[in-house]
Amino acid sequence: MQDIKVYHSIWKYLLCASLCLIFAGISLCGHRTTIDWIMLVVCVFCALFFLYQIVRERFFGKPFLFITSDAVFVNLVGDFIVRFADVEKFILSTTVAHNTRKQYIGIKFKKDVELKKNEEANKIKKSMRNFNVRVAGAQETLLADGLNIRAEELLYILNERLEQYKMRHK
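Residues numbered from 1 in each chain as written. Predicted model: local features only at pLDDT ≥ 70, side-chain atom pairs only at ≥ 80, totals over all residues. Heavy atoms only, no water.

A. The arrangement of the sheet that holds strand β1 (residues 4–6) in detail. Taken together, four strands build an open sheet; the order of strands is β1-β2-β3-β4 and the sheet is antiparallel. Unpaired on one side and paired on the other, β1 and β4 (80–83) mark the two borders of the sheet. Here the average twist between neighbouring strands, direction ignored, is 15°. For strand β2 (residues 65–67) and strand β3 (residues 71–74), the ladder comprises three bridges, and the chain directions are antiparallel. Each residue of the ladder has a partner; that of Ile67, found in β3, is Val72. (Pairing = 2+ DSSP bridges. Helix = DSSP H or I, 4+ residues; strand = E, 2+ residues; numbered from the N terminus. Axes fitted to C-alpha atoms, helices over the stretch in contact; angles between N-to-C directions.)

B. Here's a closer look at a nonpolar patch on the surface. On the surface, a nonpolar cluster with roughly 580 Å² of combined accessible area is contributed by Trp11, Leu14, Leu21, Val44, Leu48 and Leu51. Secondary-structure elements contributing two or more residues to the nonpolar patch are α1 (10–28) and α2 (34–59). (Patch = residues over 30% accessible without salt bridge, like charges linked within 9 Å, V, L, I, M, F, W, Y side chains within 5 Å. Areas by Shrake-Rupley, 256 points an atom, 1.4 Å probe, with all protein chains shown as cover. Salt bridge = Lys/Arg side-chain N within 4 Å of Asp/Glu carboxyl O.)

C. Local environment of the sheet that holds strand β7 (residues 140–143). With antiparallel pairing, the three strands of this open sheet are ordered in space as β5-β6-β7. Each of the sheet's edge strands pairs with one partner strand only, and the pair in question is β5 (87–97) and β7. Each strand axis lies, on average, 30° off the axis of its neighbour in the sheet, ignoring direction. Of the strand pairs in this sheet, strand β6 (residues 100–109) and β7 are connected by four bridges, and their pairing is antiparallel. What sits directly across from Ile105, in β7, is Leu142. Strands β5 and β6 of the sheet are contacted by helix α5 (residues 151–168), whose axis makes an angle of about 165° with β5. (Contact = heavy atoms within 4.5 Å.)

D. Summary view of the layout of surface pockets. One number sums up the size of the largest pocket: a volume of about 500 Å³. Taken together, 16 residues make up the lining of the largest pocket; nearest its centre are Phe80, Lys117, Lys125, Arg129 and Glu140. Each residue belonging to the lining of the largest pocket can be placed in one class, and the counts come to five nonpolar, four polar and seven charged. (1 Å grid on protein atoms, 1.4 Å probe; cavity = no way out; pocket = protein on both sides within 12 Å on 5 of 7 lines; lining within 4 Å. Points joined across faces, edges and corners; volume = space filled by probe spheres on them. Nonpolar A, V, L, I, M, F, W, Y, C, P; charged D, E, K, R; others polar.)

Now the structure itself:
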């Protein structure tokens, strides 16, 4: 079974980085108030983050998602692994706020794994998990927007790999 690499869309990230730099440039025009300096720092930081993600994924070969036959390796600021042995199913969740639609892949863990994750979590992580369950229907989610693959395709691939894993480990 071939491993699958999923990257963030380079064009969307370059567009976001460019917009951040444009806003940083705008903040340099005219009178420089405290708000302008804060806007400059935030915009430059965001632009550097988008550029860092591009360099990390494309030049250092570290994709956002690396899907194998046994697990999904998620490479974010805090890398983590989702093992198919712990997952019941993957679901697609969509939220709409302020006319912006976001799609997430929800990870529905098996009951014993969910309980263990809740027991090991501190108060902040527990509240985040409860919020995720209310909003997305699962304790943990992966943002499915801005990738080089559609959310529906990613969901299909993940559930297909999960079923294949279950068939191999009956």
